[in-house]
Amino acid sequence: MADASFKDVPELFEVDLTESLTSRTESLSTFRELGPPDLVHVLKSTGRSGQRDLGSYHYVSGVDASSSASLAAYINSLTYNIEDDSGWFSKGTSWKVKSGCYCCFNAFSRVDVRVDVKIPGGVQAYVVDLRGERHEATPEIWQETFLSAILRAILYSDDPTYWLEAYRKLDPITTPEGELRFLQAAEALFLKGWQVGSDPEIQVATVVSNHLTAAIMKYFGDSGRYQYAANLFEKILAREPEVASLLAKSYLGMNEEVKAVQIMATAIKQTPQSYTLLHVQCDFLRAKGKYDWALKLARQAVNCAPSEFVTWEKLTDIYIDLRQYENALLTLNSCPMFTYNGRDAHRNLTPARVHLPPKGAIVDILPERVKTEDDEADPALLRLPAPGLRGTWARAYSLLTRLVSQIGWDELLKTRSSVFVMEEEYRMQKAQTDTRPTGDKVIHEDGTVSSPLRGDSLQGQKAQRADDDASTRGVASPTQSAPDEDGHAAANDTDSETLANAEGLPTIRISTESAREKAAQEKEEAANGHEDTKENGVKGIAVDAIGKPIQAAENSQDGDGVQAASQEPFSFSNKRLCERWLDNLFMVLYEDLRVWTIFRAEVAHFKTQHVAYRKTGLEWEILGDLGLRLHHKEEAKEAYQRCLDTPRYSYKPWSKLLDTYAEEGDIQRTLQVAVRVAAYQWGEYAEMTYPTQIARCFFKLGQIHGHAKISYSLLSMGLPDPVLKIMESYLHYGTTFKVEGYDF
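Cut-offs used in this document
- Residues numbered from 1 in each chain as written.
- Predicted model: local features only at pLDDT ≥ 70, side-chain atom pairs only at ≥ 80, totals over all residues.
- Heavy atoms only, no water.
- Salt bridge = Lys/Arg side-chain N within 4 Å of Asp/Glu carboxyl O.
- Helix = DSSP H or I, 4+ residues; strand = E, 2+ residues; numbered from the N terminus.
- Buried < 20%, exposed > 50% of the residue type's maximum accessible area, 1.4 Å probe, protein only.
- Pairing = 2+ DSSP bridges.

Below, the discussion takes up the pattern of salt bridges. What the rule picks out here adds up to 40 salt bridges. The shortest N-O distance in the salt bridge between glutamate 313 and arginine 395 comes to 2.7 Å. Of this pair, glutamate 313 sits in helix H11 (residues 309-321) while arginine 395 sits in helix H14 (residues 391-407); the two residues are 82 residues apart in sequence, bridging distant segments of the chain. Accessibility expressed as a relative area gives 28% for arginine 395, which makes it partly exposed. A salt bridge links lysine 637 to glutamate 634; its shortest N-O distance comes to 3.8 Å. Of this pair, lysine 637 and glutamate 634 both sit in helix H26 (residues 633-644), 3 residues apart, roughly one helical turn. Taking relative accessible area as the criterion, glutamate 634 reaches 52% and is therefore assigned exposed. Through salt bridges with shared partners, a single network forms among Asp158, Lys218, Asp222, Asp659 and Arg696.

Shown next as structure tokens:
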């Protein structure tokens, strides 16, 4: 059946005919945001009565989805792509495309637009809703589908976490006319942008924080052509004042700072509660070194949107800039965390056969795609939990690593113990609570003092506690705050020996115990008359009561327990309860630092012994990722370079080094690495020029050196013609769209 395959298009052959279409129809209701890439299904036939038809499919993005004719044209192009293995002396069995179906998800109306093509025959376009029912495709539906397809092509173009087998990536916009149509569609549907969802770090998609605005800023920002984005936002500003934040960001990208400041000053009077506008001002002030001013704006942004992660993240960043590490840790502890929802994807079907033809001469420079000993690694490296973090968890972890890179692990632990209640302090608090009469006063977080009355019901006392739980200052629920059975809260404040003995890592999640479970446990403890439960926090006082200063705990450690006991409330008025997820992130950070410290110690030891330090390719790659996470850029670069010495098929080290060399302004090395990155991308059928990582790095260098120097450097490398043509296509895009540097 080799002659039933396409020459240079990947395919997955079906076990049962049209099973991919049936699966997509059943999965439509699970698509939450932009939807998956387009699905192209074709039926192939020999025309003979006894021969069974074959069904195959592949995924694609970047095809013009503005009309049924453009989608039918793509399927028609596949008819010329079937391999013909028949010889000149005999006519073999020739396969032809009998029919095809192109499926494109409309992220605005949540429907699937499909085009059936019969060859020979006609074209039929229709809409399939979430229930599987057919409807007619209207001009409005086509406009939304066109924009949805472009958004997917832009945002999925170089997303390393999104991978599909047999996925073709084509250029979504190849001409200035096509770009103009994109801008017109974006303007018409801009106010509906929130319907397509937003990044996982944004809890509630808004008019200015969604996938549409993210795609616009990425498309024009990667090439430095912010003026087109600014023109679009200028038109929309009259209808939607909140767009001022995006307009100001565009002018800042154009280095029009005076105009940007004027826009921000005017807009803040109209929309003083816009956290996105406050964040643009924050970033501008941070760039100018005015961290104190930025701090006031970041605090205001938190007040405007306390349920958004990004506002707390920005405030934490500025506290780190100001070296206010205790405040940074407290703010990080207050961040609201969300469940991570990845990109929409198709349901995986088991294909009868997979056809992945080699794509051009450029892939010949890649190593063999076979598993070798360089694909093995030490289990300790493979078990590191940090690479599995996604969404808000990954962003919070990056803040924690930024903290530790500035002040060191020991100082971070001291800061942590000074702002959060540690296990030893908790035990002393519990001991004091056990000896206290039930009618003691309680000091609440807001400073008020209350005393449980003898006649108060359990429900009444719980209502008071629930009032404390409503605090937005990040005080955890008791289940989150108290140390778990492995003593993690205390372990992080002890020496590394205690930490090394910890049995495994806890799952990073937010505790979701219901109020019903708490009430049942409180009733049970009230009946038993004792409070020996450590897991569920401090008992005998209000759930989120603030205790005495840490000095009382220190005194009791020094033997002044009698004096501490004589004071009326034993609580921590200057300390908080650490969220369980943050406590777990400390354990993740400890694992990273432990492995990194061992690695650097081994490197130093082997250097002194003048012995070569050997690792497998996968181990060097993991260590490079680890170095980047911990902000050790030079050591990470060295690890990635060592990874390239091994004959391992891996795209990541080349990709990381491409960004590194581009930031350093090293043209020669950037081009050498870019050739390999392009080979890997073409090997995975990413036949697109922009927006891609290579184009972004070329344009960054072009702003300084000009495109002519890059072009001459490519010529001097003596690349084969097919490879040189691919590399010059990135510069050709710059010439077509007049990217900065194209004319010198």
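From this point, the narrative continues.
Two elements, strand E5 (residues 111-118) and strand E6 (residues 123-128), share 6 bridges in a ladder whose sense is antiparallel. For arginine 114, the partnering residue across the bridge sits in E6 and is tyrosine 126. Counted along the chain from E5 to the antiparallel partner E6, the turn is 4 residues long, and its residue glycine 121 has a positive phi close to 150°. Inspection of the sheet shows E6 paired to strand E7 (residues 134-135) by 2 bridges, in the antiparallel sense. Residue pairing across strands places valine 127 opposite histidine 135, the latter belonging to E7. The hairpin turn running from E6 into E7, its antiparallel successor, is 5 residues long, and glycine 132 in that turn takes a positive phi close to 85°.

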